[in-house]
Amino acid sequence: MCGIVGYVGAKQALEVVVSGLRRLEYRGYDSAGVAVVSDSVLVTRKRAGKLVNLESLLGAEPLPESTTGIGHTRWATHGVPNDANAHPHVDCSGRIAVIHNGIIENFAELRAELSAGGHSLDSDTDTEVAAHLLEEAVERAGGSLADAMRAVCARLEGAFTLVAIDSRSPDLVVGARRNSPLVVGVGDGEMFMASDVAAFIEYTRDALELGQDQVIELRADSVLVTDFAGNPVEVRAFRVDWDASAAEKGGYDLFMLKEIAEQPKAVADTLLGRIGPNGELRLDLGLPEEALRDIDKVVITACGTAYHAGMIAKYAIEHWTRIPCEVELASEFRYRDPILGRRTLVIAISQSGETMDTLMAVRYAREQGARVLAICNTNGSTIPRESDAVLYTHAGPEVAVASTKAFTTQVVAVYLVGLYLAQVRGDKFGDEVRAIIRELADMPRKVDIVLDTVEPVRELARQLKDATSVLFIGRHVGFPVALEGALKLKELAYMHAEGFAAGELKHGPIALLEPGTPVVVIVPSPLGRSVIHDKIVSNIQEVRARGALTIVIAEEGDESVEAWADHLIRVPVCPTLLQPLVATIPLQVLACELATAKGHDVDQPRNLAKSVTVE
Ligand code: M6R
């Protein structure tokens, strides 16, 4: 939430900062703003609404040339999205500009103190206190912005990334972080600071991963990182394994369409290098095999779409390993006093690696003595860094707010963990594990088939444009798929949509049905677990008998559903546990097309941000 960019080097800072903001806009789009230092004068521009509004302002009121600058794109927490609340915020003297991501929880008392001390605060944000505190601290620190930042951080409670520039130190950008993301990009004679590597990927792929409670002094040719007490600290350098083109639309109208289409490759990349020559799994989890053999409980924690991936994994992990597996919303996890211990493996799933609820769950689990394995897509992010082990999904950057390829790759990654547990512990015979891996390795091809045959879903979406409510039902792993289909529709098409375990419908929700209510039904393979299949075919008939418009997702060749489906969407034959990887794709397309038909901004839906870094 909120995107932050800082630059110092030889280029025009404004160009670098605005192009960085363009790549970070997925983090928030309530307002945008920039500040530069030019001839020892601080100049800012900011505007409510999307970045395009700021760009128009910059066209009308250009900024002077400068090689030091900062920029911000906002997801509002304190104060409505207007020009005054847009970042950067500036101190009374107009010397220091600061941008912020996070929440300063003690801002009200700091604000009262500053107002009583004669400061004039012009916004309703929590952030503005930092500008005025820096103003006071920089005087006390003899003009050192970095010392001032360390002093201010010591007074702040909550989560924050702060980045500031000072007109009296024109070649310096200072950042600080606690519980909120910030990475450094290392260029040749230029340096970058940003919420996410995407902001500087077109200039450099060399980055530094920062730790908690650190202050960063960035000059064109140096980076100095200290703790809040001013002691220098070591940071890990890493190279970003994707390039700028991966974060472009690449000919698609929408990032979401591109990311849906990338799923065959993303799934293949999640598997890449993890299957040995004899078909066995080779995972370098960073956890000793002894510890894996000792596990007596798995707890999966995540939010939103990642939580749905976790729900799916529960079925697989318990089936393959017979280890009890719980799935917990990360936002609830630490508040319910969960039972955790040394033999519990907590799996935290997060695309961004920065979701605050999930991060807090990770910390809580480790405090309780559990081992934490992160499944993550973002190298250099906080959740893997704070976990005992990590398995990266390698899906490449996901820019659209609605998760698509992150979801399918999370399912694959957590399945790999489940199968690896089964392999290491001997819960399954080697040939059984290898047989499932062979099926998994065939999924990129099957996902590709779905993408090739999904055109009728687009047409169907246009027909559903005026529906007021859409229900999704499924059983077994089809239930979380139903939840995911409903979530996609809510967040993109702003429609009432709900997912249900199909068997629960008759216990209440069936009363929602009106003639013509669309009900999307996820039907598992008729092979193998045919009981589930037969039950859900009965559920289709129940809703149809009450006038529902039935949209049925079923396997190729499953004739049993034909009589009850008003619309039939075919997916390739695959085992029930793997079906979510194909059944979710038409639901992603449905939501994307419906939102487009309604004229919504698909990549940046209202009120949302991609990376939720506040609790
Ligand atoms: O980055 P994370 O995977 O931790 O994000 C979790 C959720 O915020 C995320 O999946 C969200 O639900 C998506 N917008 C759904 O499409």
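Data block above holds the structure.
Residues numbered from 1 in each chain as written. Predicted model: local features only at pLDDT ≥ 70, side-chain atom pairs only at ≥ 80, totals over all residues. Heavy atoms only, no water.

A.B. asks: Looking at this structure, I do not really get the packing of helix α13 (residues 405-425) against helix α14 (residues 430-441). What am I missing?
C.D. replies: Relative orientation and spacing of two packed helices are given, respectively, by the angle between their axes and the distance between those axes. Between α13 and α14, the shortest axis-to-axis distance is 10 Å and the interhelical angle comes to 165°. The orientation of α13 with respect to α14, classified from their angle, is roughly antiparallel. Read as a crossing pair, α13 and α14 show a hand that is left-handed. Counting all contacts with α13, which are made through Tyr415, Leu416, Leu419 and Gln423, the residues of α14 involved are Val433, Ile436, Ile437 and Leu440. (Axes fitted to C-alpha atoms, helices over the stretch in contact; angles between N-to-C directions. Helix = DSSP H or I, 4+ residues; strand = E, 2+ residues; numbered from the N terminus. Parallel < 35°, antiparallel > 145°, perpendicular 65-115°, else oblique. Left-handed = near helix turned anticlockwise from the far one by under 90°. Contact = heavy atoms within 4.5 Å.)

A.B. asks: Looking at this structure, I do not really get the site of the ligand. What am I missing?
C.D. replies: Around the ligand, the structure places 14 residues, and the nearest of them are Ser350, Gln351, Ser352, Thr355 and Glu491. Contact distances for the ligand include 2.8 Å between an oxygen atom and a side-chain N or O atom of Lys488. In isolation the ligand has 410 Å² of accessible area, and contact with the protein removes 91% of it. Those elements that provide at least two residues to the shell around the ligand are α9 (304-321) and α17 (478-493). It is α9 that provides the largest number of residues to the shell around the ligand, a total of 3 residues. Each residue belonging to the shell around the ligand can be placed in one class, and the counts come to 4 nonpolar, 8 polar and 2 charged. (Near = heavy atom within 4 Å. Polar contact = N/O pair within 3.5 Å; in protein donor to acceptor, adjacent residues only side chain to side chain. Areas by Shrake-Rupley, 256 points an atom, 1.4 Å probe, with all protein chains shown as cover. Nonpolar A, V, L, I, M, F, W, Y, C, P; charged D, E, K, R; others polar.)

A.B. asks: So what exactly am I meant to see when it comes to the pairing of strand β21 (residues 496-501) here?
C.D. replies: On any regular strand, side chains alternate: one points to one face of the sheet, the next to the other face. In this sheet, β21 lies alongside strand β20 (residues 469-474) in parallel orientation, the contact comprising 6 bridges. When the bridges of β21 are listed, Leu471 appears paired with Glu498. Each parallel crossover has a hand, and for β20 linked through α17 to β21 it is right-handed. (Pairing = 2+ DSSP bridges. Right-handed = clockwise from strand over helix to strand, strands pointing away.)

A.B. asks: Which parts of the structure should I look at to understand the environment of Asp91?
C.D. replies: With respect to the helices and strands, the residue Asp91 is situated in the loop between β5 (89-90) and β6 (96-104). When the C-alpha positions of Asp91 and Val457 are compared, they lie 54 Å apart, and in sequence the two are 366 residues distant. With sequence-adjacent residues up to four places away left out, Asp91 is seen in contact with Ile96, Ala131, His132 and Glu135. There is a polar contact of 2.9 Å between the side chain of Asp91 and the backbone nitrogen of Arg95.

A.B. asks: What is the right way to look at the nonpolar core in this model?
C.D. replies: Burial of nonpolar side chains together is a common tendency in soluble globular proteins. Grouped together as the largest cluster of nonpolar side chains are 129 residues, with contacts concentrated most on Ile300, Ile347, Tyr415 and Phe472. For this core, the element with the highest residue contribution is α13, accounting for 13 residues. Setting aside residues no more than four positions away along its own chain, Ile347 makes contact with Val298, Val299, Ile300, Thr301, Ile317, Leu373, Ile375, Val414 and Val417. Of all hydrophobic cores here, the second largest spans 29 residues; its members include Ala137, Leu162, Leu172 and Ala176. (Core = buried A, V, L, I, M, F, W, Y, C linked by side-chain atoms within 4.5 Å. Buried < 20%, exposed > 50% of the residue type's maximum accessible area, 1.4 Å probe, protein only.)

A.B. asks: Can you walk me through the packing of helix α3 (residues 107-116) against helix α4 (residues 128-140) in this structure?
C.D. replies: At a minimum axis separation of 10 Å, α3 and α4 run at an interaxial angle of 50°. With respect to α4, the axis of α3 lies oblique. Between α3 and α4 the crossing geometry is left-handed. For the pair α3 and α4, the contacting residues are Phe107, Leu110, Arg111 and Leu114 in the first and Glu128, Val129, His132, Leu133 and Glu136 in the second. Of the residues assigned to the contact of α3 with α4, the class counts are 5 nonpolar, 1 polar and 3 charged.

A.B. asks: Help me out: how do you make sense of the environment of Val90 in this one?
C.D. replies: With respect to the helices and strands, Val90 occurs in strand β5. For Val90 and Pro181, which are 91 residues apart along the polypeptide, the C-alpha to C-alpha distance reads 22 Å. If sequence neighbours within four positions are ignored, Val90 has contacts with Leu42, Thr44, Arg95, Ile96, Ala97, Glu128, Ala131 and His132.

A.B. asks: Even after reading the chapter, I still don't get the sheet that holds strand β22 (residues 518-522), so can you show me in this structure?
C.D. replies: Through backbone hydrogen bonds, the strands of a sheet pair up, either in parallel or in antiparallel fashion. Taken together, 5 strands build an open sheet; the order of strands is β21-β20-β22-β23-β24 and the sheet is parallel. In this open sheet, the two strands that pair with only one neighbour each are β21 and β24 (567-571). The average undirected angle you get between the axes of adjacent strands in this sheet is 20°. Relative to strand β23 (residues 549-555), β22 runs parallel, the two sharing 5 bridges.

A.B. asks: Can you walk me through the pairing of β6 in this structure?
C.D. replies: With 8 of 9 residues buried, β6 is to be regarded as a mostly interior element. Relative to β6, β5 runs antiparallel, the two sharing 2 bridges. Residue pairing across strands places His89 opposite Val98, the latter belonging to β6. The pairing of β6 with strand β7 (residues 158-166) spans 9 bridges and is classified as antiparallel. Among the inter-strand pairings, Ile104 is bridged to a residue of β7, identified as Gly158.

Without other data, these values stay purely geometric and don't point to any function.
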